[in-house]
Amino acid sequence: MRKYYRIESGRIVPASDEESADIVMMSAPSPEQRGALIKEYELTEHTIASAFDNDELSRIEYDDDFTTIVFKKPKNYAASDNFQFRVESFGIFLFNDWVLLLTDSEIPLQDERRFSKIDSLNTVVLKLLNYSIFHFNEHLKIINRINDELEQKLRTAMENKYLLSMFSLNKGLIYYVSALNSNDTLLKKLQLGRSLNFSELERELLDDIIIENRQSLQQAEIYANILTSMMDARASVINNNVNSLMKTLNAITIALMVPTFVASIFGMNVEFPFSLGVSNPYSFWIIMGIAILSVIIFMFFWQSKK
């Protein structure tokens, strides 16, 4: 899908056509649309493919007519992903008087909170990079909340379902750490390079973006280290829960065996002392009392051993 936008009063607003647009965004283009991009804008097939390659590292390339930036951002999460957090790439092609944005999922360019105070195409590029880091921060908060909920459920869990979910979270965090590291390398190149001719305000914004990205990277590394280091302990919690359950079941089994043993003795076809037998009307209650007393003695013994 192709959408057109223009810069107006420091904001990004829809444009009627390509000629009046400052920004052209194409989300999840078909192979035919990718072929049209090669013909219309003289982009190479490799360059377009790298913008949609999730394994591509963040990079910047300078051509005669445009500058190519490939940056990493989190993939939109859905409930069907089962705690699988992934990253994806998107491409920014900065021409002299317009920007081409290629992405697998749409970016909310009309969000005035993230895309405001825009006065140049360089600012548009920086705001796009900043939005990606903001997206990482939001996902890290979600991952932290999910981890806390899984920890609560693990305290009484008897199966590995929640532990496997934590493995998925840890895997996603490793992807995030790798992507943020890659983004940090690209941001340093932008900071040191002079090809984009950033203004003083734009360089201040770039410095803030670098700081935000490093903070996100540190946070992702902390979460990943905590999940990795605590995984064995959490597996031990499940084993302890299972052991406690087996211990309780064993106690119940033994407690039931004791009165069964008493009933088995009085079920033998022999004469019993103390006039216990069919002729004694209290035989049943005496036997039941002995059985109940045996259970009480066993439970007292069991508690004392704890």
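Here we summarise the structure given alongside this text. Since this is a predicted model, take the numbers as computed values, not measurements.

What follows covers the sheet that holds strand S3 (residues 23-27). In any sheet, the strands associate via hydrogen bonds between backbone groups, in a parallel or an antiparallel arrangement. Across the sheet, 7 strands lie side by side as S2-S1-S3-S7-S6-S5-S4; this open sheet has mixed pairing. On the outer flanks of this sheet lie strand S2 (11-14) and strand S4 (59-62), each paired with one strand and no other. Pairwise comparison of adjacent strand axes, ignoring direction, gives a mean angle of 25 degrees for this sheet. Inspection of the sheet shows S3 paired to strand S7 (residues 99-103) by 5 bridges, in the parallel sense. Residue pairing for S7: Ser27 is matched across the bridge by Thr103. Across the sheet, helix H3 (residues 121-154) touches strand S1 (2-8), S3, strand S5 (67-74), strand S6 (87-94) and S7, and the angle it forms with S5 is around 20 degrees.

Turning to the packing of aromatic side chains, a few remarks are in order. Within this structure, the stated rule accounts for 9 aromatic pairs. Ring centres of Phe71 and Phe90 lie 6.1 Å apart, and the angle between their planes is 75 degrees; this geometry places the pair in the edge-to-face category. Note that Phe71 is positioned in strand S5 and Phe90 in strand S6, a separation of 19 residues in sequence. For Phe90, a relative accessible area of 1% puts it in the buried group. Where Tyr77 meets Phe85, the ring centres are 4.4 Å apart and the plane angle is 5 degrees; that geometry is what we call stacked. Looking at Tyr77, the relative accessible area reads 30%, which means it is partly exposed. What links up through ring pairs into an aromatic cluster is the set Phe66, Phe93, Phe95 and Trp98. We note Arg114 situated over the ring of Phe134; from NZ or CZ to the ring centre the distance is 3.9 Å.

Here Ser50 shows up in helix H2 (residues 45-51). The class of Ser50 is buried, set by a relative accessible area of 2%. Each residue touching Ser50, except ones within four places of it in the same chain, is listed here: Glu56, Arg59, Val70 and Ser89.

This part takes up the pairing of S5. Of all 8 residues making up S5, 8 are buried, and the element is well covered by its neighbours. When S4 meets S5, the two strands line up antiparallel, connected through 4 bridges. Following the sheet pairing, Glu61 is matched in S5 by Thr68. Counted along the chain from S4 to the antiparallel partner S5, the turn is 4 residues long. Relative to S6, S5 is paired through 8 bridges, and the arrangement is antiparallel. Looking at S6, one finds that Phe71 is bridged to Phe90.

Right, let's talk about the pairing of S6 for a bit. For S6, the tally of buried residues reaches 8 of 8 residues, placing the bulk of the element in the interior. Both faces of S6 are covered, namely the face carrying Val87, Ser89, Gly91 and Phe93 and the face carrying Glu88, Phe90, Ile92 and Leu94. The pairing of S6 with S7 spans 5 bridges and is antiparallel. Within S7, the position partnered with Ile92 by the bridge is Leu101. In sequence, S6 turns back onto S7 through a hairpin of 4 residues.

What follows deals with unusual backbone geometry. Its identity is not glycine, yet Ala28 carries a phi of approximately 45 degrees, on the positive side. One non-glycine residue, Lys117, lies in the positive phi region at around 55 degrees.

A word on the packing of H3 against helix H4 (residues 161-192). The contact between H3 and H4 brings their axes to 11 Å, and the two run at 160 degrees. Relative to H4, the element H3 is oriented roughly antiparallel. Here H3 and H4 pass one another in a crossing that is left-handed. When the residues that make up the contact of H3 with H4 are grouped by side-chain class, the tally is 18 nonpolar, 5 polar and 2 charged.

Once that is clear, we can look at a nonpolar patch on the surface. Together, Phe284, Trp285, Met288, Ile292, Leu293, Ile296 and Ile297 line one region of the surface with nonpolar side chains, adding up to about 780 Å² of accessible area. Overall, the relative accessible area of 51% leaves Phe284 in the exposed class.

All right, on to the nonpolar core then. Counting 33 residues, the largest nonpolar core has Ile92, Ile107, Leu109, Leu128, Leu187 and Leu190 as its most contacted members. Taken together, the elements giving at least two residues each to this core come down to S3, S5, S6, S7, H3, H4 and helix H5 (200-266). A per-element tally of this core places H3 first, with 8 residues. In this structure Ile107 touches Met25, Lys73, Phe90, Leu101, Phe115, Leu128 and Tyr131, once residues within four positions along its chain are discounted. Listed in part, the 23 residues of the second largest apolar core include Phe85, Leu169, Tyr176 and Tyr223.

Criteria and thresholds
- The numbers attached to residues start from 1 for each chain and follow its sequence in the written order.
- At least 70 in pLDDT is required for a residue's local features to be given in this predicted model, at least 80 for side-chain atom pairs to be given and counted, and no such filter applies to totals for whole chains, interfaces and linings, which use all residues.
- Hydrogens and waters are ignored; side-chain quantities use all the structure's heavy atoms.
- Two strands qualify as a pair provided DSSP detects at least 2 bridges between them.
- Helix and strand definitions follow DSSP, with helices as H or I runs of at least four residues and strands as E runs of at least two, each counted in order from the N terminus.
- Axis angles are defined between N-to-C directions and span 0 to 180 degrees, where every axis is a line fitted to C-alpha atoms and, for a helix, only to the segment in contact.
- Residues count as neighbours in contact if any of their non-hydrogen atoms are within 4.5 Å of one another.
- Any two rings among Phe, Tyr and Trp, with Trp reduced to its six-membered ring, count as a pair given centres within 6.5 Å; such a pair is stacked if its planes are under 30 degrees apart, edge-to-face if over 60, and tilted if neither.
- Only protein chains enter the accessibility calculation, which uses a 1.4 Å probe. A residue is then buried if its area is under 20% of the maximum for its type, exposed if over 50%, and partly exposed in between.
- Only when the NZ of Lys or the CZ of Arg is both within 6 Å of the ring centre and within 35 degrees of the ring normal is a charge said to sit over the ring.
- If an angle is under 35 degrees, it is roughly parallel; if it is over 145, roughly antiparallel; if it lies from 65 to 115, roughly perpendicular; otherwise it is oblique.
- By convention the crossing between two helices is left-handed if the near helix lies anticlockwise of the far one by an angle smaller than a right angle, and right-handed if it lies clockwise.
- Three classes are used, and their members are as follows: Ala, Val, Leu, Ile, Met, Phe, Trp, Tyr, Cys and Pro are nonpolar, Asp, Glu, Lys and Arg are charged, and the others, Gly among them, are polar.
- Like charges are joined within 9 Å and nonpolar side chains (Val, Leu, Ile, Met, Phe, Trp, Tyr) within 5 Å, but only among residues with over 30% relative accessible area and no salt bridge; these make up the patches.
- Note on areas: Shrake-Rupley with a 1.4 Å probe; residue coverage comes only from the protein chains shown.
- In the sections that follow, a salt bridge refers to a side-chain nitrogen of Lys or Arg positioned within 4 Å of a carboxyl oxygen of Asp or Glu.
- Think of a nonpolar core as a cluster: buried Ala, Val, Leu, Ile, Met, Phe, Trp, Tyr and Cys residues, connected wherever their side-chain atoms sit within 4.5 Å.

Honestly, it's all geometry; don't read function into it.
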